[in-house]
Amino acid sequence: MSDTEKSASSNNKFLKGTLILTVSSIVVKVIGSLNWIILSRVLGGEGIGLYQMGFPIYLMAITLSSAGIPVAISIITAEKLAQKDFLGAKRVFNVSLRLLFVTGLVFASALFFGAHWLIDNHWIRDSRAYYSIIALAPAVFFVTFLAIFLAYLPFLYSYEPKNYFFLLTNFLGPFLVRALVFVLCPLTGRPLLCLNPL
């Protein structure tokens, strides 16, 4: 294969990867927008307000649970693969998987079991937001745990598996949120809040 053919092949891979990233980003944004539209119709204005009260706590828990670990995983894995140390790269993945599993579990449990404490100590001022915190707590575990795969997959394959995985997690997320809304909504003691039409 000549240098010209290698350059053309490299350019095609780059363009294909860029196209896949662009399309997957658009699809993820559309799915996220649809999720918010449907969720706002299900919960109504009051329900969305209660959901948003717990959301900053959820974001803080995700930030603390992963705190730059996926970026470090990507850098260390790239170094190992550049040195052709495939066993070392796999070891980085295994150790990181255990670490993020534990941190995700710890912070999700802390959020789940600490929801009453957050309300009792006025971190969250409206006690009705308790169930939004409970509903968001499992997501902390899954988002943290799945971050390792998003950091590691690009080094195993091309862009396609990472983007398919990213699309799958963003597609399933809204359905899980709606399922938790329908399960937890009756527990709030406000059944009318749960009956807004889709």
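Here the structure is shown first, and the text comes after it.
Here goes a summary of the coordinates provided. Just so it is clear, the model here is predicted, and its values are computed rather than measured. (Residues numbered from 1 in each chain as written. Predicted model: local features only at pLDDT ≥ 70, side-chain atom pairs only at ≥ 80, totals over all residues. Heavy atoms only, no water.)

**Side note on the packing of aromatic side chains**
1) Next: Scanning all chains against the criterion turns up eight aromatic pairs.
2) Next: Ring plane angle 85 degrees and centroid distance 5.3 Å describe the contact between Phe101 and Phe141, whose orientation is recorded as edge-to-face. With Phe101 in helix α3 (residues 86-113) and Phe141 in helix α5 (residues 130-156), the pair connects residues that are 40 residues apart, well separated along the chain.
3) Next: In this structure Phe101 comes out as partly exposed when scored by relative accessible area, which is 37%. (Phe/Tyr/Trp six-rings, centres within 6.5 Å; stacked < 30°, edge-to-face > 60°. Helix = DSSP H or I, 4+ residues; strand = E, 2+ residues; numbered from the N terminus. Buried < 20%, exposed > 50% of the residue type's maximum accessible area, 1.4 Å probe, protein only.)

**Overview of the pattern of salt bridges**
1) Next: Inspection of the entire model under this criterion finds two salt bridges.
2) Next: A salt bridge links Lys80 to Asp85, with the shortest nitrogen-to-oxygen separation between them at 3.9 Å.
3) Next: Lys80 sits in the partly exposed class, given a relative accessible area of 24%.
4) Next: Judged by relative accessible area, Asp85 falls into the partly exposed class, the value being 26%.
5) Next: The residue Arg128 makes a salt bridge to Asp126 at a minimum N-O spacing of 2.7 Å.
6) Next: Taking the relative accessible area as the measure of exposure, Arg128 reaches 34% and is therefore partly exposed. (Salt bridge = Lys/Arg side-chain N within 4 Å of Asp/Glu carboxyl O.)

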